[in-house]
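# Per-entry structural report
Chain by chain, the residues run as shown.
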Amino acid sequence: MEDCIFCQIIAGEMESEIVYEDEDVIAFKDIEPQAPVHFLILPKKHIPTLLDLKEEDNKLIGHIYQIANQLARQEEIAEDGFRVVSNCNEAGGQTVDHIHYHLLGGRNLQWPPG
Ligand code: AMP
Ligand code: ZN
């Protein structure tokens, strides 16, 4: 997926501030942070949207939530509270077609989101 910016980050072809990486998953700082802590956590495998998830991806997505747990604790936002959110398609606010989970925290987040 050479025109996918997140695949380029995964391949090391584009700069990013990586905060976590393993064989299957990467997490890096959002370039336009919307909160004091704003990381993107994503599978290295190119899955365009939540609608493309298959049964076989269940373990991978569970793993992403464990990393969100770990990063939230590490950033000391766990106790106060934080948000993990994934936007899907245009009306959902998705601008990069490589599935990703926003980890947001460090301020009081509003609900409902805009
Ligand atoms: P979404 O709009 O939910 O698809 O989220 C895409 C996110 O990727 C946005 O919050 C952008 O600020 C972020 N983003 C776009 N390009 C980069 C990049 N090169 N490095 C880090 N974050 C990026
Ligand atoms: Zn991709």
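The paragraphs below set out a description of the structure included in this document.

Reading the values: rules and limits
- Residues numbered from 1 in each chain as written.
- Chains lettered and ligands numbered in written order.
- Predicted model: local features only at pLDDT ≥ 70, side-chain atom pairs only at ≥ 80, totals over all residues.
- Heavy atoms only, no water.
- Donors = N, O, S within 2.8 Å, 3.2 Å for Na, K, Ca; no water.
- Tetrahedral: all angles 85-135°; square planar, octahedral: opposite > 155°, others 65-115°.
- Helix = DSSP H or I, 4+ residues; strand = E, 2+ residues; numbered from the N terminus.
- Near = heavy atom within 4 Å.
- Polar contact = N/O pair within 3.5 Å; in protein donor to acceptor, adjacent residues only side chain to side chain.
- Areas by Shrake-Rupley, 256 points an atom, 1.4 Å probe, with all protein chains shown as cover.
- Nonpolar A, V, L, I, M, F, W, Y, C, P; charged D, E, K, R; others polar.
- Buried < 20%, exposed > 50% of the residue type's maximum accessible area, 1.4 Å probe, protein only.
- Expected span 1.5 Å × (residues − 1).
- Contact = heavy atoms within 4.5 Å.

Another aspect to go through is the coordination of the zinc ion (ligand 2). Within the protein, the zinc ion (ligand 2) binds to C4 (SG), C7 (SG), H46 (ND1) and H98 (ND1); these donor distances fall in the range 2.0 to 2.3 Å. Each of the four donor atoms around the zinc ion (ligand 2) contributes to a set of angles spanning 105 to 115 degrees, which defines the coordination as tetrahedral. For the zinc ion (ligand 2), the donor residues sit on a single chain with the sequence spacing C-x2-C-x38-H-x51-H. Separated by 94 residues along the polypeptide, C4 in the segment before α1 (5-10) and H98 in the loop between α3 (89-92) and β5 (101-105) bring together distant segments of the chain.

On to the site of ligand 1, then. For ligand 1, the set of nearby residues contains 17 residues, the closest of which are D30, N87, T95, H100 and H102. The side chain of N87 places a nitrogen or oxygen atom 2.8 Å from an oxygen atom of ligand 1. Measuring from an oxygen atom of ligand 1, one finds a side-chain N or O atom of H102 at 2.8 Å. Across the complex, the protein chains shield 85% of the 500 Å² of accessible surface that ligand 1 would expose by itself. Going through the elements one at a time, α1 and β2 (25-29) are the ones with two or more residues in the shell around ligand 1. At three residues, the largest contribution of residues to the shell around ligand 1 is made by α1. Residue classes in the shell around ligand 1 are distributed as eight nonpolar, six polar and three charged.

On to the environment of G92. By the element assignment, G92 lies in helix α3. What makes G92 partly exposed here is its relative accessible area of 36%. Taking C-alpha positions, G92 is 13 Å from P112, a pair spaced 20 residues apart along the chain.

All right, on to helix α2 (residues 58-74) then. If you check α2, its first and last C-alpha atoms are 25 Å apart, about what 17 residues at 1.5 Å a residue would give, namely 24 Å. Immediately downstream of α2, the backbone of E76 shows phi near 60 degrees, a positive value.

Mapped onto the fold, Q94 is located in the loop between α3 and β5. There is a polar contact of 3.0 Å between the side chain of Q94 and the backbone oxygen of P48. The contacts of Q94, once residues within four sequence positions are left out, are P48, T49, N87, C88 and N89.

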